[in-house]
Amino acid sequence: MSSSERKPVLYSYFRSSASWRVRIALAWKNVDYEYKPVNLLTHANLESDYRQVNPTGKVPAFITAEGEVLAQSQAILEYLEETFPERPMLPNSPVKRAEVREVCQIIACDIHPLQNLGVLQRISGDDMDKKVEWARNTITLGFQGLEKRLEKLSGTYCIGDSVTMADFFLVPMVGNANRWNVDMSQFPLITKINNNLMTLPEFIAASPPKQPDCPEELRK
Ligand SMILES: N[C@@H](CCC(=O)N[C@@H](CS)C(=O)NCC(=O)O)C(=O)O
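Reference entry: report on the structure contained in this document. Bear in mind that the values here come from a model prediction, so they are computed numbers and not experimental data.

### What about the site of the ligand?
Turning to step 1, where the next piece is worked out: As a structural note, the neighbourhood of the ligand is formed by 14 residues, with K58, V59, Q72, S73 and N116 the closest of them.
Turning to step 2, where the next piece is worked out: Between N45 and the ligand, the recorded distance is 3.3 Å, taken from a side-chain N or O atom to an oxygen atom.
Turning to step 3, where the next piece is worked out: The side chain of S73 places a nitrogen or oxygen atom 2.6 Å from an oxygen atom of the ligand.
Turning to step 4, where the next piece is worked out: Bound to the protein, the ligand loses 87% of the 510 Å² it would expose on its own.
Turning to step 5, where the next piece is worked out: Among the elements that line the shell around the ligand, the one with the most residues is helix α1 (residues 17-28), at three residues.
Turning to step 6, where the next piece is worked out: Of the residues that constitute the shell around the ligand, the class distribution is four nonpolar, eight polar and two charged.
Turning to step 7, where the next piece is worked out: For the shell around the ligand, the domains that each give at least three residues are domain 1 (9-87) and domain 2 (94-203).

### Some points on the sheet that holds strand β3 (residues 61-63)
Turning to step 1, where the next piece is worked out: Spatially, four strands are ordered β2-β1-β3-β4 in an open sheet, and the strand pairing comes out mixed. Edge strands, defined here as strands with exactly one partner in the open sheet, are β2 (34-37) and β4 (69-71). Adjacent strand axes in the sheet meet at a mean angle of 20 degrees, parallel and antiparallel pairs treated alike.
Turning to step 2, where the next piece is worked out: Set on the sheet, α1 makes contact with β1 (9-12), β2 and β3; between it and β1 the angle comes to about 150 degrees.
Turning to step 3, where the next piece is worked out: Helix α3 (residues 73-83) rests against β3 and β4 of the sheet, and its axis sits at about 125 degrees to β4.

### Brief notes about the packing of helix α4 (residues 94-111) against helix α6 (residues 128-153)
Turning to step 1, where the next piece is worked out: At their nearest, the axes of α4 and α6 sit 10 Å apart, and the two run at 175 degrees to each other. Relative to α6, α4 is oriented roughly antiparallel. Of the residues in α6, those touching α4 at E99, E102, V103, I106, I107 and I111 are T138, I139, G142, F143, L146, R149, L150 and L153.
Turning to step 2, where the next piece is worked out: A breakdown of the residues in the contact of α4 with α6 according to their chemical character gives nine nonpolar, two polar and three charged.

### Let's talk about the packing of α6 against helix α7 (residues 165-179)
Angle between the axes and distance between the axes are the two parameters that describe a pair of packed helices.
Turning to step 1, where the next piece is worked out: Where α6 meets α7, the closest approach of the two axes is 12 Å, and the angle between their N-to-C directions is 140 degrees. If you check the angle between α6 and α7, you find them oblique. Where α6 crosses over α7, the handedness of that crossing is left-handed. Across from I139, F143, L146 and L150 in α6, the residues of α7 making contact are L170, M173, V174, N176 and A177.
Turning to step 2, where the next piece is worked out: Class assignment for the residues of the contact of α6 with α7 results in eight nonpolar, one polar and no charged.

### Remarks on the side chain of H112
Turning to step 1, where the next piece is worked out: As for its position among the elements, H112 is in the loop between α4 and α5 (117-124).
Turning to step 2, where the next piece is worked out: One polar contact links H112 to S17, side chain to side chain, over a distance of 3.1 Å.
Turning to step 3, where the next piece is worked out: When residues no more than four places from it in sequence are discounted, the contact partners of H112 are S17, A18, R21, I107, M173 and N176.

About the criteria used
- Residues numbered from 1 in each chain as written.
- Predicted model: local features only at pLDDT ≥ 70, side-chain atom pairs only at ≥ 80, totals over all residues.
- Heavy atoms only, no water.
- Near = heavy atom within 4 Å.
- Polar contact = N/O pair within 3.5 Å; in protein donor to acceptor, adjacent residues only side chain to side chain.
- Areas by Shrake-Rupley, 256 points an atom, 1.4 Å probe, with all protein chains shown as cover.
- Helix = DSSP H or I, 4+ residues; strand = E, 2+ residues; numbered from the N terminus.
- Nonpolar A, V, L, I, M, F, W, Y, C, P; charged D, E, K, R; others polar.
- Domains from an automatic or database assignment.
- Pairing = 2+ DSSP bridges.
- Axes fitted to C-alpha atoms, helices over the stretch in contact; angles between N-to-C directions.
- Contact = heavy atoms within 4.5 Å.
- Parallel < 35°, antiparallel > 145°, perpendicular 65-115°, else oblique.
- Left-handed = near helix turned anticlockwise from the far one by under 90°.

Have a look at this one:
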């Protein structure tokens, strides 16, 4: 690191699944970073201090060692892949790379945004039952297609037998599914891949209970 470089910074919330993707990637690439918590429950993400970092008011945001601000988890992951080539998150073959990105986007574009905190708040206000039903149905529908697709693509992990970026999206999505009590017995393949991944130290280190902003009572 040169004198003009500092430790990278990750703005994250322990429960945020998009932040969780980046935490796994940072652990995978063995990048040392400073963790800056942004509490989504108190809407710290919508305050002007944070909006100066990321005007969309979403986490994660990542500040590179050179001080550049990056947002959007997949863009951050691609940046990390290009700047830290050791332990690649993308396979060599163009088709396999496309398959990895396909799984990432099924999760990041077609499932995750529909059950995001902001959306749940807008559709159901304080009606907790409605919120749970919406989130559960959204994830269940999305996982039905993903499970079928993974029958073709997966091995030990999402794409064959090597860990890829797709896995960094799967684990946090399963985390959300569990939080909303989705019946995961309908998705044996997703469950198996998730269990395989959750034996790996990088995935354990990046999980919500291990984060500095996780309240004591939620740590296991
Ligand atoms: N597509 C974005 C999603 C970011 C996102 O939705 N973050 C959520 C937490 S997982 C958030 O900040 N929600 C706060 C809100 O919507 O107000 C990414 O991949 O980074």
